[in-house]
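Listed below, chain by chain, are the residues.
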Amino acid sequence: MRDRIRNSLILPPDFQPIQPSWAEGALVYHIYPRSFQDSNADGVGDLLGVIKRMDYLKELGVNAIWLSPFYPSPMADFGYDVADYCNVDPMFGTLDDFKQLMAEADRRDIRVMIDLVSNHTSDEHIWFKESRKSRDHTTNPFNDWYIWRDSVAPAGSDTQQPPNNWRNALTGGPAWEWDDTRQQYYLHSFDIHQPDLNWSNPTVRAAIKQAMRFWLDLGVDGFRVDAVYWMAKEPLMSDDPGNPSFVEGEDLPYHALRHDNSRGWPAVYAYLSEMADVLHEEQYKDKQRFMVTEAYPEGHNPLVEYLNFYVGMDPKVAAPFNFEGLTMPWDASTWRKFLRAFHHALNQIDPHCVASYAFGNHDQPRIATRIGEAAARSASVLLLTLPGMVFLYYGDEIGMKNVVIPKDMVQDPAAKGDVIRGDLQPQGRDPERTPMQWTAAKNGGFSDAASTWLPLAPDYEQCNVEAQLADPDSLLNLYKKLGTMRSQSDSLKHGQLKVLEVDSPYVLGYSREHTDSDVQAYVVLVNFSGEPVTCSLGAPLGRRLLSSLSPSAGSADGAELQPDLAPSEAVTESGSGSAGEGSVRLESHEAVIYAAV
Ligand code: GLC
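The rules we used
- Residues numbered from 1 in each chain as written.
- Predicted model: local features only at pLDDT ≥ 70, side-chain atom pairs only at ≥ 80, totals over all residues.
- Heavy atoms only, no water.
- Helix = DSSP H or I, 4+ residues; strand = E, 2+ residues; numbered from the N terminus.
- Rg over C-alpha atoms; globule rule 2.2 N^0.38 Å.
- Buried < 20%, exposed > 50% of the residue type's maximum accessible area, 1.4 Å probe, protein only.
- Contact = heavy atoms within 4.5 Å.
- Lys, Arg positive; Asp, Glu negative; His and termini not counted.
- Charge placed at Lys NZ, Arg CZ, Asp CG, Glu CD.
- Polar contact = N/O pair within 3.5 Å; in protein donor to acceptor, adjacent residues only side chain to side chain.
- Phe/Tyr/Trp six-rings, centres within 6.5 Å; stacked < 30°, edge-to-face > 60°.
- Near = heavy atom within 4 Å.
- Areas by Shrake-Rupley, 256 points an atom, 1.4 Å probe, with all protein chains shown as cover.
- Nonpolar A, V, L, I, M, F, W, Y, C, P; charged D, E, K, R; others polar.
- Salt bridge = Lys/Arg side-chain N within 4 Å of Asp/Glu carboxyl O.
- Pairing = 2+ DSSP bridges.
- Expected span 1.5 Å × (residues − 1).
- Axes fitted to C-alpha atoms, helices over the stretch in contact; angles between N-to-C directions.
- Parallel < 35°, antiparallel > 145°, perpendicular 65-115°, else oblique.
- Left-handed = near helix turned anticlockwise from the far one by under 90°.

## Side note on the overall build of the protein
- The number of helices and strands found in the protein is 15 helices and 18 strands.
- Computed over C-alpha atoms, the radius of gyration of the protein comes to 25 Å, within 12% of the 25 Å expected from 2.2 N^0.38 for 597 residues, which places it in the range of a compact globule.
- Each principal axis of the C-alpha distribution contributes one length, and for the protein these read about 85 × 65 × 50 Å.
- Residue burial in the protein is summarised as follows: out of 597 residues, 58% are buried.
- Contacts spanning at least 24 positions in sequence make up 70% of the contacts within the protein whose residues lie at least 6 apart.
- Considering the protein, the positive charge centre built from 51 side chains and the negative charge centre built from 83 side chains are found 3 Å apart.

Rendered as structure tokens:
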């Protein structure tokens with residue numbers, strides 16, 4: 001209240017605070033449509049299947065969904081090879097199904113983000129089919145839509161030689177493919193069937209922006225923009241240098257080179273800004289559209305790479321994914337250091353910067369496999385109490401794990417290059433893309449087909465949505481509680497994150513506090529170790545609201561706290577359920593949320 005009075009004294013009378021975007025604080029559920037819900041018994045998920053599960057998403061507290069690609073595609077990279085940007089692949093349904101999905105989402109106040117694969121198309125896209133016909137710019141308007149280069153083999157030689165040493169990111173093999181008709185190489189930074197668009201050509205940029213408008217006109221709330229670093233390459237196309245830290249037999253072959261020239265050239269920010277400008281166009285302003293860009297940092301300082309996107313794009317409508325939850329070791333001090341630096345830097349750039357955390361996606365090992373089941377429970381508390389958008393990959397809310405895929409069922413083209421993946425199974429990305437486990441029934445309730453496109457996890461009869469709904473302390477019920485808490489709390493949605501001093505190297509502590517001091521603030525403590533820890537914050541804490549170990553004991557609603565906590569929750573020295581001067585005992589891998597005082 002005091003802050004409000006102070007503000008009213010110093011702000012000009014016509015001051016209009018900027019409405020925070022819906023993206024700020026949103027819980028976004030990432031759906032891989034092939035694997036979420038099948039509605040027509042062909043063993044592959046589809047859009048009508050997503051509609052069928054919309055109430056489930058609402059109950060989970062989801063504010064938005066992101067759909068991986070459902071565009072017409074030959075599926076060389078499971079939809080990330082787009083053959084038509086303005087339609088739906090029959091495998092997933094029809095455009096009318098998509099419109100119905102939009103209406104059903106809208107009815108439940110759920111926003112819809114879709115994948116925009118901007119760096120490349122399918123080689124079946126009409127643009128590429130036209131482009132490969134001839135290199136004559138006077139007769140072929142598509143001549144320059146892709147990245148074509150001559151062979152650099154010495155004159156008279158009867159073999160071809162690609163223009164440089166660039167490798168494709170899927171298998172680590174060459175990024176160039178010879179085309180007999182054009183007698184030239186084309187560049188494919190991913191699969192052979194995914195030729196790179198030439199983003200330095202303004203007509204290409206205009207075409208992608210038209211595709212954006214097509215979906216914005218249908219009401220989509222935003223985009224997840226795919227593989228953006230590859231949109232801009234070093235203009236002279238120089239060789240990539242060798243990677244001195246590459247360990248043969250341990251790292252993927254793609255990482256034998258540093259990708260200094262084949263990706264991440266500064267023009268990428270200009271291209272993305274142009275795309276973000278579309279979201280500002282008059283006819284789209286009504287719904288505060290938003291885009292999130294996919295770029296994995298590769299340099300020695302990930303923080304700088306994330307910040308470059310916030311500076312390079314308008315942070316009111318765009319943010320890069322923050323992938324530290326996927327790549328950083330599960331370790332309190334690493335998290336402490338990163339959160340402190342990242343949120344401090346964001347505030348400096350613009351208070352409207354929206355962080356965008358993902359702890360799982362369709363390209364990365366499942367979190368429950370990566371850090372273990374116990375730690376995955378505390379990771380749910382961490383994820384859902386972080387600022388900005390938080391992305392939850394389908395199935396992570398029930399602790400789905402990587403699934404070993406029988407050799408003859410492997411689907412992912414990346415599996416060919418995936419010679420190394422440590423304990424996480426060298427099988428490409430199929431292990432994290434298996435069908436959603438809804439029930440203990442056949443195919444886990446995912447499909448009525450005789451078989452599914454990837455096998456179900458062997459544990460689906462025990463680990464499924466139905467079983468976990470019936471267990472008050474299941475991971476799913478923990479997520480539901482966290483989802484409710486986040487959606488009801490202005491501090492968790494819009495508050496500042498402040499890393500706290502905790503006297504244990506194993507515990508990360510932070511507060512989430514709104515500028516309006518009338519709004520309840522929270523303190524979150526996460527024990528990253530497999531041992532119990534007693535630690536102190538040197539400051540008083542209020543009531544313990546939630547523990548990752550027994551979510552049913554706390555209250556999800558910060559406004560109406562339960563007067564008594566279950567005995568297992570009375571973990572403070574006083575045993576009263578509030579933490580006095582901040583001395584707290586945390587069980588192994590426990591994460592807790594306290595009311596701040
Ligand atoms: C992104 C997608 C991945 C795809 C690649 C090429 O990284 O997430 O699944 O293979 O781009 O489109």
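From this point, the narrative continues.
## A closer look at the environment of Gln 520
- Tracing the backbone shows Gln 520 in the loop between β13 (507–513) and β14 (522–527).
- Here the side chain of Gln 520 touches Ala 596 through a polar contact of 3.1 Å, landing on its backbone oxygen.

## Brief notes about the packing of aromatic side chains
- For the structure on display, the rule yields 40 aromatic pairs.
- When the centroid spacing of 5.9 Å and the interplanar angle of 75° are considered together, the rings of Tyr 71 and Trp 215 count as edge-to-face. Separated by 144 residues along the polypeptide, Tyr 71 in the loop between β2 (64–67) and α4 (95–107) and Trp 215 in helix α6 (residues 202–217) bring together distant segments of the chain. Exposure class is identical for Tyr 71 and Trp 215. Each is buried.
- With a centroid separation of 5.0 Å and an interplanar angle of 85°, the aromatic rings of Phe 98 and Trp 215 are classed as edge-to-face. On the criterion of sequence distance, the pair formed by Phe 98 in helix α4 and Trp 215 in helix α6 is long-range, its members being 117 residues apart.

## Observations concerning the site of the ligand
- Taken together, 13 residues surround the ligand, and among them Asp 77, Asp 226, Glu 294, His 362 and Asp 363 come closest.
- Between an oxygen atom of the ligand and a side-chain N or O atom of Glu 294, the distance comes to 2.8 Å.
- Between the ligand and Asp 363, the relevant distance is 2.5 Å, taken from an oxygen atom to a side-chain nitrogen or oxygen of the residue.
- Relative to its unbound accessible surface of 310 Å², the ligand loses 96% to contact with the protein.
- Partitioning the shell around the ligand into residue classes produces three nonpolar, three polar and seven charged.

## As for the pattern of salt bridges
- Summed over all chains, the structure comprises 31 salt bridges.
- Of the charged contacts, one joins Lys 233 and Asp 196 as a salt bridge, the two residues approaching to 2.7 Å between their closest N and O atoms. Of this pair, Lys 233 sits in the loop between β7 (222–225) and α7 (267–280) while Asp 196 is found in the loop between β6 (184–187) and α6, placing the two residues 37 residues apart along the sequence.
- By relative accessible area, Asp 196 is classed as buried at 0%.
- Glu 587 is the salt-bridge partner of Arg 585, the closest N and O atoms lying 3.1 Å from each other.
- Take Arg 585: its relative accessible area is 35%, and that puts it in the partly exposed class.
- Given the relative accessible area of 27%, Glu 587 is considered partly exposed.

## Concerning unusual backbone geometry
- The residue Phe 78 is not glycine, and still its phi comes out positive at about 50°.
- Its place among the elements puts Phe 78 in the loop between β2 and α4.
- The residue Gln 288 is not glycine, and still its phi comes out positive at about 50°.
- Within the secondary structure layout, Gln 288 lies in the loop between α7 and β8 (290–293).
- Judged by its relative accessible area of 30%, Gln 288 is partly exposed.

## A word on the pairing of β14
- Among the six residues in β14, six count as buried, and that is most of the element.
- When β13 meets β14, the two strands line up antiparallel, connected through six bridges. Bridged to Leu 508 within β14 is Val 526.
- Of the strand pairs in this sheet, β14 and strand β18 (residues 591–596) are connected by five bridges, and their pairing is antiparallel.

## Focus: helix α12 (residues 373–384)
- Over its twelve residues, α12 runs 17 Å from end to end, which matches the ideal 16 Å to within 8%, given 1.5 Å per residue.
- Among the twelve residues of α12, ten are classified as buried, and the element is accordingly described as predominantly covered.
- Taken as a whole, α12 has its buried residues at Ala 375, Ala 376, Arg 377, Ser 378, Ala 379, Ser 380, Val 381, Leu 382, Leu 383 and Leu 384.

## Description of the sheet that holds β6
- Read across the sheet, three strands follow the order β4-β6-β5 without closing on themselves; strand pairing throughout is antiparallel. Two strands bound the open sheet, and with one partner strand each, they are β4 (148–149) and β5 (176–179).
- As paired elements, β5 and β6 share four bridges and run antiparallel to each other. Residue pairing across strands places Trp 178 opposite Tyr 185, the latter belonging to β6.

## Some remarks on the packing of helix α8 (residues 302–312) against helix α10 (residues 332–349)
- Taken N-terminus to C-terminus, the directions of α8 and α10 make an angle of 20°; their axes are 11 Å apart at the nearest point. Judged by the angle between their axes, α8 and α10 are roughly parallel. Considering how the two elements wind past one another, α8 and α10 form a crossing that is right-handed. For the pair formed by α8 and α10, the contact residues are Leu 303, Tyr 306, Leu 307, Tyr 310 and Val 311 on the first element and Phe 338, Ala 341, Phe 342, Ala 345, Leu 346 and Ile 349 on the second.

## Description of helix α14 (residues 475–488)
- Here α14 is 14 residues long and its end C-alpha atoms lie 20 Å apart, about the 20 Å a rise of 1.5 Å per residue gives.
- Within α14, burial applies to Leu 475, Leu 476, Asn 477, Leu 478, Tyr 479, Lys 481, Leu 482, Gly 483, Met 485 and Arg 486.

## A closer look at the sheet that holds β13
- Taking strand neighbours across the sheet as the criterion, the five strands line up as β12-β13-β14-β18-β16 in an open arrangement whose pairing is antiparallel. Where the open sheet ends on each side, the last strands, each with one partner, are β12 (496–499) and β16 (541–547). Averaged over neighbouring strand pairs, the angle between their axes works out to 25° when direction is ignored.
- Taken together, the four bridges between β12 and β13 define a ladder with antiparallel strand orientation. From the neighbouring strand, Gln 496 faces β13, where its bridge partner is Glu 513.
- Set on the sheet, α10 makes contact with β12 and β13; between it and β13 the angle comes to about 25°.
- Strands in contact with α14 are β14, β16 and β18; relative to β16, the strand with the most contacts, it is inclined by about 135°.

Geometric values such as these leave the question of function open.
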